[in-house]
Amino acid sequence: MIQHYRHTGPFALELGGCLPQLDIAYHTYGRLNGRRDNVVWVCHALTANSDVADWWPHTVEQGCFLDPERWFVVCANILGSHYGTTGPLSENPATGEPYYGSFPAFTIRDMVKAHRVLADALGIEGIHALVGSSVGGFQAIEWAVQQPGRFRRLVLIATDAKASPWTIAIDETQRMAIEADPTYGEPRPDAGMAGLAAARAIGLLTYRGGEGYNLTQADDDTPHPLPRQKHRPCSYQQYQGTKLTSRYNAYSYMAILDAFDTHNAGRGRGGLDRALGSIKADTIVIGITTDMIFTPREMRLLCSRIPGARYEEIESDFGHDGFLVEHRRLNEILTAFI
C-alpha cells in the first residue's frame, strides 16, 4: 500500500530553486527487524513508481532477491514524478495552482536528497543493500558516493556514473517530440500528450533494440495493406505511446529527462575515478549483452572504477529492458549476493 511522508520545511534544490514543502510517496514490503539491519532500498527509473512489485515482476516474492519474508524493502517515488511525490502537477502553495512548466529545475542529487530525508524520517540509518537499475542506478551511485558508510551492498544494473552524450541525445530527441506538440506548455494536466506518446515510442526503440523488436513484433506472412497500423510494429508503437499517456504527464516526463542529463557523480568531486573510488559498499555491476543505452563495455568500465566490485553479464535479446524481463537470471545472481 502506498504511504506518504511530508517534509514541512523548505527543500532547497541544487540549481538554486526551492520547494516550500516536499511530499514523498513510498512503498515498503516486509518488516524491519529488531536490529534494523535488514533494509534493502530500491531506486526506480523514469516512469516507474514506488510499487516495486508492480513494475519489477518476480522480484518481491518469497525466495527472490527482494524476499519480503527476509528483507524490509523500501522504494520512494522520485522527485518530480507523477506518482505522489511533489512534481509539476502538485499545487504551488504560492499560487494555489499546479506548477506545470514552472516547477523548479532539479537534479539527480536532489532526488537522492529526498531519499535521504525519507530514510532519516523512517529511522533507517544503515542500509543493507541499495539497488538501482537504469536511472535508478544513477540515484544509487550518487547516494553511495554521498554516504559511503551507509550501505553494505550496492547493486548497479544497466546504468552508469555519468550521463553520456548518447543518453543525453536520446533524451533530447524525446524532448523535441514533446515540444513539437503545440499544446505543450498550456496550463493543464493533459498538455503535450501527443508529443509524450511520440517520445515514449522513441524511447522504446532504445529500450528494446532491434533484436527485441525482431523477436516479438514480426508480422505474419499475410500481406498487410494500408493503413500502416495493420503492421504489428506500428500498432505496438501506437499502443505503447497511448498507454503511457493514460498514466503519466508530459511535464513530469520533461522535468525528469532534464534531471537525468545532469547526472555526473564526479562533478565537483575531482572526477569520476576519485568519486567512485570512495564507495565502500560491496558492489556488483550487472550488464546486459544487447543493451544499447548502457553497453556491456561501459558497464565493465564502471565496475573497474569501484573498489572491489565484481561484474556479471546477462545474456538477453531484450536490450536495456532485459533488467525487467530476465528476472530468473537476476534472482540467480542477486539472491546470493544480497
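Everything below is about the structure shown above.
All of these numbers come straight from a predicted model, not from anything done at the bench. (Residues numbered from 1 in each chain as written. Predicted model: local features only at pLDDT ≥ 70, side-chain atom pairs only at ≥ 80, totals over all residues. Heavy atoms only, no water.)

Quick notes on the overall build of the protein chain
1) Next: Each helix and strand counted, the protein chain has 11 helices and 12 strands in total.
2) Next: Rg of the C-alpha trace for the protein chain: 20 Å, near the compact-globule value of 20 Å for 338 residues, within the 12% margin.
3) Next: Principal-axis analysis of the C-alpha atoms places the extent of the protein chain at approximately 65 × 50 × 40 Å.
4) Next: Within the protein chain, the proportion of its 338 residues that are buried is 55%.
5) Next: Restricting to contacts in the protein chain with at least 6 residues of sequence separation, those with at least 24 account for 72%.
6) Next: A total accessible area of about 14,500 Å² is found for the protein chain, and carbon and sulfur atoms account for 52% of it. (Helix = DSSP H or I, 4+ residues; strand = E, 2+ residues; numbered from the N terminus. Rg over C-alpha atoms; globule rule 2.2 N^0.38 Å. Buried < 20%, exposed > 50% of the residue type's maximum accessible area, 1.4 Å probe, protein only. Contact = heavy atoms within 4.5 Å. Areas by Shrake-Rupley, 256 points an atom, 1.4 Å probe, with all protein chains shown as cover.)

Topic: the environment of Val73
1) Next: For Val73, the position within the fold is in strand β6 (residues 72–76).
2) Next: When its relative accessible area of 0% is taken as the criterion, Val73 is described as buried.
3) Next: Sequence-distant contacts of Val73, that is, excluding residues within four places in its chain, are made with His27, Thr28, Tyr29, Val40, Val42 and Leu66.

Remarks on the pattern of salt bridges
1) Next: This model, assessed by the stated rule, comprises 17 salt bridges.
2) Next: Residues Glu312 and Arg329 are paired through a salt bridge, measuring 3.9 Å at the closest nitrogen-oxygen approach. Residue Glu312 is found in strand β12 (residues 310–314), and its partner Arg329 is found in helix α11 (residues 327–337); the two are separated by 17 residues along the sequence.
3) Next: Among the residues examined, Glu312 registers a relative accessible area of 21% and is labelled partly exposed.
4) Next: With relative accessibility at 32%, the residue Arg329 sits in the partly exposed group.
5) Next: Salt bridges sharing common partners tie together Glu172, Arg175, Asp258 and Asp261. (Salt bridge = Lys/Arg side-chain N within 4 Å of Asp/Glu carboxyl O.)

Topic: the nonpolar core
1) Next: Membership of the largest hydrophobic core comes to 74 residues, with the highest contact counts inside it found for Trp41, Leu79, Phe106, Met111, Tyr253, Phe260 and Leu302.
2) Next: By residue number, the principal contributor to this core is helix α7 (residues 250–261), which donates 8 residues.
3) Next: Beyond its immediate stretch of four places on either side in the chain, Phe106 contacts Leu13, Leu79, Gly80, Met111, Ala255, Ile256 and Ala259. (Core = buried A, V, L, I, M, F, W, Y, C linked by side-chain atoms within 4.5 Å.)

As for the side chain of His27
1) Next: When you line up the elements, His27 lands in strand β4 (residues 22–29).
2) Next: There is a polar contact of 2.8 Å between the side chain of His27 and the side chain of Ser50.
3) Next: The residues touching His27, leaving out its near neighbours within four places in the chain, are Met1, Ile2, Gln3, Ser50, Asp51, Val73, Val74 and Cys75. (Polar contact = N/O pair within 3.5 Å; in protein donor to acceptor, adjacent residues only side chain to side chain.)

Some words on the packing of aromatic side chains
1) Next: Considering all chains together, one arrives at 13 aromatic pairs under this definition.
2) Next: Look at Trp56 and Phe65: their rings are 5.5 Å apart centre to centre, the planes differ by 80 degrees, and that puts the pair in the edge-to-face class.
3) Next: Between the aromatic rings of Trp143 and Phe151, the centroid separation amounts to 5.1 Å while the plane-to-plane angle is 80 degrees, which identifies the pairing as edge-to-face. Summarising the burial analysis for this pair, Trp143 and Phe151 share the class buried.
4) Next: Put simply, the rings of Trp55, Trp56, Phe65 and Phe323 touch in pairs and so form one group of aromatic residues.
5) Next: The residue whose ring lies beneath Lys113 is Phe11, and the NZ or CZ to ring-centre distance is 4.8 Å. (Phe/Tyr/Trp six-rings, centres within 6.5 Å; stacked < 30°, edge-to-face > 60°. Lys NZ or Arg CZ within 6 Å of the ring centre and 35° of its normal.)

Details of the packing of helix α5 (residues 193–216) against helix α6 (residues 232–245)
1) Next: At a minimum axis separation of 8 Å, α5 and α6 run at an interaxial angle of 135 degrees. Relative to α6, the element α5 lies oblique. Helix-helix and strand crossings are classified by hand; for α5 and α6 the assignment is right-handed. Note on element contacts: α6 touches α5 through Arg232, Tyr236, Gln237, Gln240, Gly241, Thr242, Leu244 and Thr245, opposite Met193, Leu196, Ala197, Arg200, Ala201, Leu204, Leu205, Arg208, Tyr213 and Thr216.
2) Next: Of the residues assigned to the contact of α5 with α6, the class counts are 9 nonpolar, 6 polar and 3 charged. (Axes fitted to C-alpha atoms, helices over the stretch in contact; angles between N-to-C directions. Parallel < 35°, antiparallel > 145°, perpendicular 65-115°, else oblique. Left-handed = near helix turned anticlockwise from the far one by under 90°. Nonpolar A, V, L, I, M, F, W, Y, C, P; charged D, E, K, R; others polar.)

Points about the pairing of strand β9 (residues 127–133)
1) Next: By the criterion of burial, β9 is predominantly enclosed, with 7 of the 7 residues buried.
2) Next: Across 4 bridges, the pairing between strand β5 (residues 39–43) and β9 is parallel. Bridging across to β9, Cys43 finds its partner in Gly132.
3) Next: Note: β9 against strand β10 (residues 151–157), 6 bridges, orientation parallel. Its bridge partner being in β10, Ala129 is matched across the sheet by Arg153. (Pairing = 2+ DSSP bridges.)

Observations regarding the sheet that holds β5
1) Next: On the basis of which strands lie adjacent, the open sheet formed by 8 strands has the order β1-β4-β6-β5-β9-β10-β11-β12 and mixed pairing. Two strands bound the open sheet, and with one partner strand each, they are β1 (3–7) and β12. Averaged over all adjacent pairs, the angle separating strand axes in this sheet is 20 degrees, with direction ignored.
2) Next: Across the sheet, helix α3 (residues 135–146) is in contact with β5, β9 and β10; its angle to β9 comes to roughly 140 degrees.
3) Next: Against the sheet, helix α9 (residues 296–305) touches β10, β11 (282–288) and β12, its axis set at about 165 degrees to β12.

As for unusual backbone geometry
1) Next: Positive phi, close to 55 degrees, is recorded for Arg36, a residue that is not glycine.
2) Next: Exposure remark for Arg36: the relative accessible area of 40% places this residue in the partly exposed category.
3) Next: Positive phi, close to 50 degrees, is recorded for Ala158, a residue that is not glycine.
4) Next: When you line up the elements, Ala158 lands in the loop between β10 and α4 (165–179).
5) Next: Given a relative accessible area of 0%, Ala158 falls into the buried group.

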